[in-house]
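Read off the chains here:
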Amino acid sequence: MTAQEVRLCGLLLQEHFGEVVEKMGTELLRSGALNLRALAHQTSTPLDLVKKSLCVLVQHGMCVFGPGRRGPGGPVEYTANCERILYMLRYPRYIYTAKSLYGDTGELVIEEILQRGQMTMSCTVRTVADRLTHSMEDGQSMEYSEVITAFTRLVETHFLQRCPPVDSMGTAGKASSGSSDASAVPQPARPETHPDCYLIPQVHLTGRGKRRRSNEDGEAEEINAKKPRLENEVCGDEGIFWQVNFERFHLHFRHQSIISAVASKLDPTSSEIVRTMLRLSEVTTPANTAHTQALSANEIFRALPVSYNISRPILDQYLTLLVDDPMEFVSKTGDSGGGMYVVNLHRALANLARVTLESVVQERFGSRSARIFRLLLRKRHLEQKQVEDFAMIPAKEAKDMLYTLLSQNLVQLQEIPKTPDFAPSRTFYLYTVNQLPTARLLLHNCYKAVGNLIERRLFETKENRRLLEKSQRIEAILASLQGGGADAAQLSDVEEMITAPERQQLEALRHHINKLDSSENQVDETIFLLESYINSTQSSH
Amino acid sequence: MAGRGRGRSLFTFNVDSLGFGRGEALPTSAHAPSPLYPPMQFRPVPLHTGEEVDYMLALKQELKASSKNLPFHIRPARAKRVDRYSDKYQTGEPKNNSIEWSPWSRLPKELCIKEQKPRKAARSQVKPKIKHATGKAELIQKLETLEKKEEENHSEEEQDEEKKKKKAAEEEAESEEGEQYDEEEFEEETDYIMSYFDNGEDFGGDSDDNMDEATY
């Protein structure tokens, strides 16, 4: 974990959970595994605040606990999970994906579970139904069954999974049910090892969403509704908690980026074919494999969406085109069944990462430096003279650009001696670009960039806090006046409390903050791409 | 070494590759660390725009705003510099809040805050009892010494009164000590015999029969 990652995690924790949790989180990230007393001592915080923040972190899956170094008899040790904290940056993307796949209901389900970490199915269904009812027109309300359908579909496609059961073996004073050595430490297992990971429990949930109203009719409704609500309290799924399956979302994002790359390189029809291939192998392909399972052309033909109206010979032509493309998205692995094809996930990711690196160099240093960079990526090792010749750039400028890239660590120098004494006149100096370390460097820069963006946004908010508070107060006054039915003169009086230059300042502030927020989301896309590439490379070696 | 005398400026490598000739001025050396915000050669590419981007922006801001209202947002306890009257009526963050959202079976036992409450109540009960005991013991001692002092002067009534006072003192010692304690000390350390003290209860009770005479 680099310093920039820890800093970014701290900022994210502070935004969502406050300073206390941030202090605990950063201390755990810096010190590795700590037990409760050590953590309280190192951060000099009262014990109950430490306990509360640890509860928050464990609830959200950002901290795991386990038996410590002294074995099961010793104190419990807590370890923070840096990756999981960084996923908080991506929450809007997860929610938007759920919306595009499963509509508003799915979106709210994912949003509720993301905000609360873990939830039971019945609790989720009730909350989501209430929220949907709230946003619907008067008189309508949301059926629980619709929400249950959306929930079930999310589980079936593996976007939601059960929380791994915590293996608690009884406490010190109580009698445990059949465990040989009573260790007082509950230990969570990996979620996928649990056989019922994606099994929907039998839940008896009937009803509609409740709308919270402020008038008397609503109270009467609520009083009547209280009775059925009490009956619905125990639904039969206590203890079964659900969490978001981030890996599945990441798989979906990776596939989306490959499909859009194919669409922009070739044409929409080929992207449809690749989308079909990926969809067929979605649930069967494990997370970080280099390529999907082999699919025969017959299967692909059967699974193609009917609206595209692709006939069999045209499909074969498209497949040949995809195989022959230099990007190597798809390769042919056999001839049975009309031809066996696989999608090369790792190669596609590597290409995407390479293109990202090239575009970064281009935007920072200009197109000629980018040309040198691309040249070095393709030709691996080149001497200075060769660089000048191949890139067709005058010598002085080429030297300048090369040295700039070298000082930024995007290009490395490799020395190959002719004689054992490394004399400069008798040594070859070759310039080279290694894609993996450069990707890591850029990823680190991205973390730093997001940290800077968040800090700048906090700074801007703090600077103009007085103005923001004033505008919030005036909005509240306006809202209450409008609710109470005031005339236009009063409203305009209140509105005039903010002067025109203040209004301009507020407008500019909002524009800046929106821009900073939007930039965070977009830097996160680059982060995701580079992380996927690095993980894919590491797991394939 | 061979070329030291004659070829003084002979380098061991090809100087041309460095980018400047022998006679030209060396590139300027840096006198200060590189600037913190170096001027950028090229302007950055504008951000993406579109419905998707706007929706995600709105989502992000909503999430941040709503996460401040959830029970997961833990605020550090503000140091109470001045005891305020309103503290009695403001319970602040209910401690029970944490029980609702986390199932204790999934967390290690040591994080469970629920158990502290009965412990706290037991502890708070133990303390006043102790105070009660010490207060009682001291009071009884003092009372006994005072009794010995004023043994001759006190009749039985006054002893009963003192016993009543003792009981009252015992009862009062449960909640407070100190000031009331002092008051009773004053009451009992007077030099006057209690029977001298006429608290005026008999006043006006005798003259009810003869209303003709004016009372002065």
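Parameters and conventions
Residues numbered from 1 in each chain as written. Chains lettered and ligands numbered in written order. Predicted model: local features only at pLDDT ≥ 70, side-chain atom pairs only at ≥ 80, totals over all residues. Heavy atoms only, no water. Helix = DSSP H or I, 4+ residues; strand = E, 2+ residues; numbered from the N terminus. Buried < 20%, exposed > 50% of the residue type's maximum accessible area, 1.4 Å probe, protein only. Contact = heavy atoms within 4.5 Å. Areas by Shrake-Rupley, 256 points an atom, 1.4 Å probe, with all protein chains shown as cover. 1 Å grid on protein atoms, 1.4 Å probe; cavity = no way out; pocket = protein on both sides within 12 Å on 5 of 7 lines; lining within 4 Å. Points joined across faces, edges and corners; volume = space filled by probe spheres on them. Nonpolar A, V, L, I, M, F, W, Y, C, P; charged D, E, K, R; others polar. Pairing = 2+ DSSP bridges. Axes fitted to C-alpha atoms, helices over the stretch in contact; angles between N-to-C directions. Salt bridge = Lys/Arg side-chain N within 4 Å of Asp/Glu carboxyl O. Domains from an automatic or database assignment. Buried area = accessible area lost by both parts, 1.4 Å probe. Polar contact = N/O pair within 3.5 Å; in protein donor to acceptor, adjacent residues only side chain to side chain. Parallel < 35°, antiparallel > 145°, perpendicular 65-115°, else oblique. Left-handed = near helix turned anticlockwise from the far one by under 90°. UniProt positions renumbered as here; feature names shortened; annotations may be inferred. Patch = residues over 30% accessible without salt bridge, like charges linked within 9 Å, V, L, I, M, F, W, Y side chains within 5 Å. Lys, Arg positive; Asp, Glu negative; His and termini not counted. Charge placed at Lys NZ, Arg CZ, Asp CG, Glu CD. pLDDT = per-residue confidence, 0-100.

1. Digging into the overall build of chain B
Line of reasoning, step 1. Within chain B, the regular secondary structure consists of five helices and zero strands.
Line of reasoning, step 2. The N-to-C order of helical and strand elements in chain B reads α-α-α-α-α.
Line of reasoning, step 3. Sorting the 216 residues of chain B into buried and exposed places 18% on the buried side.
Line of reasoning, step 4. Here the contacts in chain B between residues at least 6 apart in sequence split such that 50% fall between residues at least 24 apart.
Line of reasoning, step 5. Carbon and sulfur atoms provide 52% of the accessible area of chain B, an area that totals close to 18,800 Å².

2. Brief notes about the overall build of chain A
Line of reasoning, step 1. Tallying secondary structure elements over chain A gives 21 helices and 14 strands in all.
Line of reasoning, step 2. By sequence separation, contacts in chain A at least 24 residues apart represent 65% of the contacts at least 6 residues apart.
Line of reasoning, step 3. When the accessible surface of chain A is summed, it comes to about 27,100 Å², and 51% of that surface belongs to carbon and sulfur atoms.

3. A word on empty space enclosed by the protein
Line of reasoning, step 1. Here the structure, examined in full by the defined rule, presents six cavities of 30 Å³ or more.
Line of reasoning, step 2. Of the voids in this model, the largest cavity is the one considered here, and its volume is about 90 Å³.
Line of reasoning, step 3. If you trace the largest cavity, you find 13 residues lining it, with A:E15, A:H16, A:M88, B:K60 and B:K64 closest to the centre.
Line of reasoning, step 4. Elements with a contribution of two residues or more to the lining of the largest cavity: α1 (3-17), α6 (91-116) and α18 (435-463) of chain A together with α1 (51-67) of chain B.
Line of reasoning, step 5. Residues that form the lining of the largest cavity fall into these classes: seven nonpolar, one polar and five charged.

4. Brief notes about the sheet that holds strand β13 (residues 412-417) of chain A
Residue and element names in this part refer to chain A.
Line of reasoning, step 1. Read from one edge to the other, the open sheet built from three strands follows the order β12-β14-β13, with strand pairing classed as antiparallel. Sheet topology places β12 (381-383) and β13 at the edges, where each strand pairs with a single neighbour. Within this sheet the neighbouring strands show an average axis-to-axis angle of 40 degrees, counted without direction.
Line of reasoning, step 2. Two elements, β13 and strand β14 (residues 427-432), share six bridges in a ladder whose sense is antiparallel. By the bridge assignment, L413 is partnered in β14 with Y431.
Line of reasoning, step 3. Lying over the sheet, helix α16 (residues 384-391) contacts β12 and β14, oriented at roughly 95 degrees with respect to β12.

5. Regarding the pattern of salt bridges
Residue and element names in this part refer to chain A.
Line of reasoning, step 1. Taken as a whole, this structure holds 28 salt bridges over all chains when the rule is applied.
Line of reasoning, step 2. Here K99 and E107 are joined by a salt bridge, their closest N and O atoms 3.7 Å apart.
Line of reasoning, step 3. When its relative accessible area of 6% is taken as the criterion, E107 is described as buried.
Line of reasoning, step 4. The salt bridge involving D325 is made with K265; its shortest N-O contact spans 3.2 Å. Taken as a pair, D325 in the loop between α13 (312-324) and β10 (330-334) and K265 in helix α10 (residues 246-265) lie far apart in primary sequence, 60 residues in all.

6. Here we look at the domain arrangement of chain A
Size of an interface: often given as the accessible area lost when the parts come together.
Residues and elements named next belong to chain A.
Line of reasoning, step 1. Domain annotation of chain A identifies domain 1 (3-80), domain 2 (87-158 + 198-211 + 228-244), domain 3 (250-343), domain 4 (348-433) and domain 5 (439-540).
Line of reasoning, step 2. Facing nine residues of domain 1, the contacting portion of domain 2 comprises eight residues.
Line of reasoning, step 3. Between domain 1 and domain 2, the buried area comes to about 640 Å², and carbon and sulfur atoms account for 64% of it.
Line of reasoning, step 4. The largest contributions to the domain 1 side of the interface with domain 2 come from L12, Q59 and H60, which together make up 63% of the buried area.
Line of reasoning, step 5. At the boundary of domain 1 and domain 2, one finds zero salt bridges.
Line of reasoning, step 6. Linking domain 1 with domain 2 are two residue pairs in polar contact (both at pLDDT 80 or more).
Line of reasoning, step 7. Breaking the side of domain 1 that touches domain 2 down by element, the ones donating at least two residues are α1 and α4 (47-59).
Line of reasoning, step 8. For the side of domain 1 that touches domain 2, the per-class residue count stands at six nonpolar, three polar and no charged.

7. A look at the packing of helix α11 (residues 268-280) of chain A against α13(A)
Residues and elements named next belong to chain A.
Line of reasoning, step 1. Where α11 contacts α13, the two axes come as close as 10 Å, and the packing angle between them is 90 degrees. In terms of orientation, α11 and α13 fall into the roughly perpendicular class. Every residue of α13 that contacts α11 at T269, S270, I273, V274 and M277 is listed here: L315, Y318, L319 and L322.
Line of reasoning, step 2. In terms of residue class, the contact of α11 with α13 is made up of seven nonpolar, two polar and no charged.

8. Considerations on unusual backbone geometry
Line of reasoning, step 1. Unusually for a residue other than glycine, A:S44 sits at a positive phi of about 45 degrees.
Line of reasoning, step 2. By the secondary structure assignment, A:S44 is in the loop between α3 (36-43) and α4.

9. With respect to the packing of helix α14 (residues 345-365) of chain A against helix α21 (residues 500-540) of chain A
All names here are of chain A.
Line of reasoning, step 1. Where α14 meets α21, the axes come as close as 9 Å, and the angle between the chain directions of the two elements is 135 degrees. Taken as axis vectors, α14 and α21 run oblique relative to one another. Helix-helix and strand crossings are classified by hand; for α14 and α21 the assignment is left-handed. Within the contact between the two elements, α14 uses H346, L349, A350, L352, A353 and T356 and α21 uses T526, L529, L530, S532, Y533, S536, T537 and S540.
Line of reasoning, step 2. Classifying every residue of the contact of α14 with α21 by side-chain character gives seven nonpolar, seven polar and no charged.

10. Description of the UniProt feature "domain: DNA-directed RNA polymerase III subunit RPC3 winged-helix" (unreviewed entry) in chain A
Line of reasoning, step 1. Residues annotated by UniProt as "domain: DNA-directed RNA polymerase III subunit RPC3 winged-helix" (unreviewed entry) correspond here to residues 357-433 of chain A.
Line of reasoning, step 2. A distance of 11 Å separates the end C-alpha atoms of residues 357-433 of chain A, which is 56% helix and 19% strand.

11. Topic: a negative patch on the surface
Residues and elements named next belong to chain A.
Line of reasoning, step 1. The grouping of D487, D493, E495 and E496 at the surface amounts to a negative patch.
Line of reasoning, step 2. Position of E495 relative to the elements: it lies in helix α20 (residues 488-495).
Line of reasoning, step 3. Residue E495 is classed as partly exposed on the basis of its relative accessible area, which comes to 39%.

12. Some thoughts on the confidence of the model for chain B
In low-pLDDT regions, the fine details of the predicted coordinates are not to be read closely.
Residue and element names in this part refer to chain B.
Line of reasoning, step 1. Of all residues in chain B, 39% have pLDDT values of 70 or greater, and the mean over the chain is 65.
Line of reasoning, step 2. Averaged pLDDT values over the elements of chain B bottom out at 48 in helix α5 (residues 179-188) and peak at 92 in α1.
Line of reasoning, step 3. Note on residues 1-8: pLDDT under 50 across the span, and one contact to partners over four residues away in sequence or across chains.
Line of reasoning, step 4. Scored below 50 in pLDDT, residues 173-185 shows 11 contacts in the model against residues more than four places distant or in partner chains.
Line of reasoning, step 5. This prediction of the complex comes with two scores: 0.76 for pTM and 0.82 for ipTM.

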